[in-house]
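Descriptive analysis of the structure
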Amino acid sequence: MIEAKHIYKSFADNDVLKDISISFEKGKTNLIIGKSGSGKTVLMKCLVGLLDADKGEIDYDGRVFSGMSPRDKKRLRQEMGMLFQGGALFDYMSVEENIMFPLMMFTKFSSGEKLDRVNFCLERVNLKKANKLMPSELSGGMTKRVAIARAISMKPKYLFCDEPNSGLDPQTSGLIDDLIKEITEDLEITTIVNTHDMNSVLNIGDAVAYLHEGKLWWTGTKEEIMDADNKELQEFVFATELTKRLKK
Amino acid sequence: MLKQFGIYFILMSNVFRRPDKWSAFRKQLMTEFYSLGVESLGIVAIISVFMGAVLAIQTAFNIDTPLVPMTMVGFTTRQGIVLEFSPTIISLILAGKVGSRIASEIGTMRSTEQIDALEIMGVNPANFLILPKIIASMLINPFLITISIFLGLFGGWLACITTGLVASEDYISGLRSWFNPFSITYAMIKTVVFAYIISSVSGFFGYTVKGGALDVGSASTKAVVQSSILIIIFNLILTQLLLT
Ligand SMILES: Nc1ncnc2c1ncn2[C@@H]1O[C@H](COP(=O)(O)OP(=O)(O)O)[C@@H](O)[C@H]1O
Ligand SMILES: [Mg+2]
C-alpha cells in the first residue's frame, strides 16, 4: 500500500497540487483520472520521487519515502517499476538489452538467468521473439508492452503507469489495460495508473481518484463513477458521445 | 547565470560518484572512446594537415630578408602548432563536434524521459551518463591532440617541399631547434582542461533540457557556444599561469 499525506507542490506561482491525501491498495489497479493539466503526472512524479513535494509525506507500506537517505531511496526504487508516457525505452539498446538493463545493474544473475527472466517478461506481455528488435522498429503498442516488460523485470512491488494508452488505438489500449490489470493481480503489485481515458476507467478502475485543478475531487470505484453526484466529475465522465449514450 | 553555476556544480557533485556497477561503467567508457575519440579522428586529421601547411607557407612568405634563416619556418610552425593550434583550435573544433553530440544525446534522453526511467530504476543518471563521457574525453583528447601535432608538422613539411619555398632539411632542422619539452606538457594540460570543459558543459546543457526536440536543439547550440567561450577564457588563464 502506498499512502500520500497532505501533498503540496507548486512551480513558481503555479500551485499544481493542493493538499492531496490518498492511499493506493495492493493487488488493485488504482486510477488517477482528470483533465489534461490537472496535475496527474506531477502527482505521480512526486510519489516516485522524480519531483520533490513541497509539503507532505509519502509512505510505502509504512516506510516513509519522503526524507529517506539517498541510499535507502535507491533500494526502495528497485521495488518500483514505471511505465512512461512515451515508453522511454533506451533507444540505443535492443528490446532484450532494455529489459535486461535493470537486471544487469542490480542483480548478480548469470547471463542465462538474466535471459530467462527477459524471456519470461516478454512472454508475459505477449511479445515472444522480439528480443533483437530495436525500439525504433516497434509500433506504439509494442513499445508500451516492452516498457511494461522492462518495468516488471525486477519483480516490482509497485507499478506506476503514466497514460499507458496515450497515442494508441482503442483496441490496443484495451489490451494494454487488460495486461496491466492481469499483471497487477498475478504479481500482487500496488499499481497506479494515470489516465484521461474513460474506457480505461470502466475497464480496469478498481479504485478511481478524480483530480481537478490540483485537488482531489472525488474517490470511488468504476461502478460508482457513473452515478457520482459531482458536477465537475460528471462533466469529465460524460464528455464523450459514447458515455453520454451509455448513461441513457 | 549564477543560478546556472549552482546547478552545474550540484550536477557535477552527482556525476563524480562511484559508478553503480563497474562493468557497466567500463562498457560505457569503451563506447565513448569510440564515439568521442575514434569518430573524431577524420576531422582532426584533415584540419591539422591543412593548418600546418598554411602556417608554414605564411611564415615562409613573411620571411623576406635573408638575415632570417629558412629554418625559422620549421621552428615557427612547431611552436604555433604545439602551443596553440593543436590544443586550442582542435579543442574548439571538438567543442563543436563532440559537444553538440553529447548535449543532443543526453538532451534527447531527458526529453523522452529516459533519464527519469534510469532514476526510477535506482541508477544515478548523472553519473551513469556523464561520467564516462568526461573520463573518455579527458583520456582520448590528449591522443587526438598528439596526432594533430604530428599531422600539423607533417602538413607544414608537405607544403614546404611541394611549393619549394623551404628545403626539407631546413624545415626539419627548424623543427628540432630550441625545443623545450615543457611546451608539450603545457599543450597536454590545456587539452585535458578543455576536454573536461567540453564534456561537462555539454553534459550539463543536455541534462537540464526542458521540453521537446526544439529545446534539445537549442541546448546543443548553447553547449557549443558556452564551451567554446570557456575554452577561450581558460586558454588565457592557463597561458598566464603556465608560461609566465
Ligand atoms: N517541470 C515543471 N515545471 C513547471 N510546471 C510544470 C512542470 N511539470 C508540470 N507543470 C505544470 O503542472 C501542471 C500539471 O501538469 P501535469 O501534471 O503534467 O498534468 P497532467 O494531468 O496532464 O499530467 C501544468 O499546469 C503544467 O504546466
Ligand atoms: Mg500527464
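Note that the coordinates shown come from a computational prediction; the quantities given were computed from them, not determined experimentally. (Residues numbered from 1 in each chain as written. Chains lettered and ligands numbered in written order. Predicted model: local features only at pLDDT ≥ 70, side-chain atom pairs only at ≥ 80, totals over all residues. Heavy atoms only, no water.)

**Brief notes about the overall build of chain B**
Here is the rule: Starting at the N terminus, helices and strands are each numbered in turn, a helix being any DSSP run of H or I of at least four residues and a strand any DSSP run of E of at least two. The classification of residues rests on relative accessible area computed with a 1.4 Å probe and restricted to protein chains. Under 20% of the type maximum is buried, over 50% is exposed, and intermediate values are partly exposed. Throughout, a residue-residue contact means that at least one pair of heavy atoms, one from each residue, lies within 4.5 Å. Methods summary: accessible areas were calculated by the Shrake-Rupley approach with a probe of 1.4 Å, and residue burial reflects only the protein chains presented. Positive residues here are Lys and Arg, negative ones are Asp and Glu, while His and the chain termini are left out of the count. Note on charges: their place is set at NZ of Lys, CZ of Arg, CG of Asp or CD of Glu.
The helix and strand tally for chain B stands at 9 helices and 0 strands. Helices (α) and strands (β) of chain B occur, in sequence order from the N terminus, as α-α-α-α-α-α-α-α-α. Counting only C-alpha atoms and orienting by the principal axes, one finds that chain B spans roughly 70 × 35 × 35 Å. Within the span of chain B, comprising 244 residues, buried residues form 48% of the whole. Taking contacts inside chain B between residues at least 6 apart in sequence as the whole, the part at least 24 apart equals 85%. As presented, chain B carries roughly 11,300 Å² of accessible surface, and 72% of it is formed by carbon and sulfur atoms. Side chains of chain B carry 15 positive and 12 negative charges; the gap between the two charge centres is 8 Å.

**Things to note about the overall build of chain A**
A count of helical and extended segments in chain A gives 10 helices and 10 strands. Reported as C-alpha extents along the three principal axes, the dimensions of chain A are approximately 55 × 45 × 30 Å. Burial statistics for chain A: of 248 residues in total, 54% are counted as buried. By sequence separation, contacts in chain A at least 24 residues apart represent 65% of the contacts at least 6 residues apart. A total accessible area of about 11,500 Å² is found for chain A, and carbon and sulfur atoms account for 49% of it.

**Re a nonpolar patch on the surface**
Residue and element names in this part refer to chain B. Stated formally: Put simply, a patch holds well-exposed residues, over 30% relative accessible area, that have no salt bridge, with like charges counted together within 9 Å and Val, Leu, Ile, Met, Phe, Trp or Tyr side chains within 5 Å. The working definition used for a salt bridge is a side-chain nitrogen of Lys or Arg within 4 Å of a carboxyl oxygen of Asp or Glu.
Among the surface-exposed residues, Val225, Ile229, Ile233, Phe234, Ile237 and Leu241 lie close enough to one another that they form a single nonpolar patch of about 520 Å² accessible area. In this structure, Ile229 sits in helix H9 (residues 213-243). By relative accessible area, which is 43% here, Ile229 ends up partly exposed.

**Quick notes on the side chain of Arg78 of chain B**
Residue and element names in this part refer to chain B. The test is simple: Distance and chemistry together define a polar contact, namely a pair of N or O atoms within 3.5 Å, with one atom able to donate a hydrogen and the other to accept it when in protein, and with adjacent residues in sequence counting only for side-chain atoms on both sides.
By the secondary structure assignment, Arg78 is in helix H4 (residues 71-111). For the buried residue Arg78, which engages in no salt bridge, the nearest side chain bearing the opposite charge is Glu84, 13 Å off. Separated by 3.0 Å, the side chains of Arg78 and Gln79 make a polar contact. Setting aside its immediate chain neighbours within four residues, Arg78 contacts Leu83, Leu153, Gly174, Leu175, Arg176, Ser177, Trp178 and Phe179.

**Comments concerning the pattern of salt bridges**
Scanning all chains against the criterion turns up 22 salt bridges over all chains. Between Asp59 of chain A and Lys5 of chain A there is a salt bridge whose closest N-O contact spans 3.0 Å. Of this pair, Asp59 of chain A sits in strand S4 (residues 55-60) while Lys5 of chain A is found in strand S1 (residues 2-11), placing the two residues 54 residues apart along the sequence. Measuring nitrogen to oxygen at the nearest pair gives 3.7 Å for the salt bridge that ties Glu39 of chain B to Arg101 of chain B. With Glu39 of chain B in the loop between helix H2 (22-37) and helix H3 (41-62) and Arg101 of chain B in helix H4, this pair connects stretches of sequence that are 62 residues apart. One network of salt bridges, with partners in common, ties together Glu32, Glu39, Arg101, Glu105 and Lys133 of chain B.

**Some thoughts on the sheet that holds S4 of chain A**
All names here are of chain A. Worth spelling out the cut-off: Paired strands, in this sense, are two strands between which DSSP finds at least two bridges. Note on definitions: angles span 0 to 180 degrees between N-to-C directions of axes, and those axes are lines fitted to C-alpha atoms, for helices only across the stretch in contact.
Ordered in space as S2-S1-S4-S5, the 4 strands form an open sheet in which the pairing is antiparallel. Of all the strands in the sheet, just strand S2 (14-24) and strand S5 (63-64) have a single pairing partner and so form its edges. Relative to S4, S1 is paired through 5 bridges, and the arrangement is antiparallel. Looking at S4, one finds that Glu3 is bridged to Asp59. Docked against the sheet, helix H1 (residues 40-48) engages S1, S2 and S4, running at close to 60° with respect to S2.

**Considering the sheet that holds strand S10 (residues 215-220) of chain A**
Residue and element names in this part refer to chain A. Pairing is mixed across the open sheet formed by 6 strands, whose spatial order is S6-S7-S8-S3-S9-S10. Sheet topology places strand S6 (80-83) and S10 at the edges, where each strand pairs with a single neighbour. Direction aside, neighbouring strands of the sheet carry axes that sit 20° apart on average. Here strand S3 (residues 29-33) runs beside strand S9 (residues 207-212); their pairing, made up of 4 bridges, is parallel. Residue pairing in the sheet places Leu31 in a bridge with Val208 of S9. Seen against the sheet, H1 touches S3, S6, strand S7 (158-162), strand S8 (190-195) and S9 and runs at an angle of roughly 155° to S8.

By themselves, these figures tell us nothing about what the structure is for.
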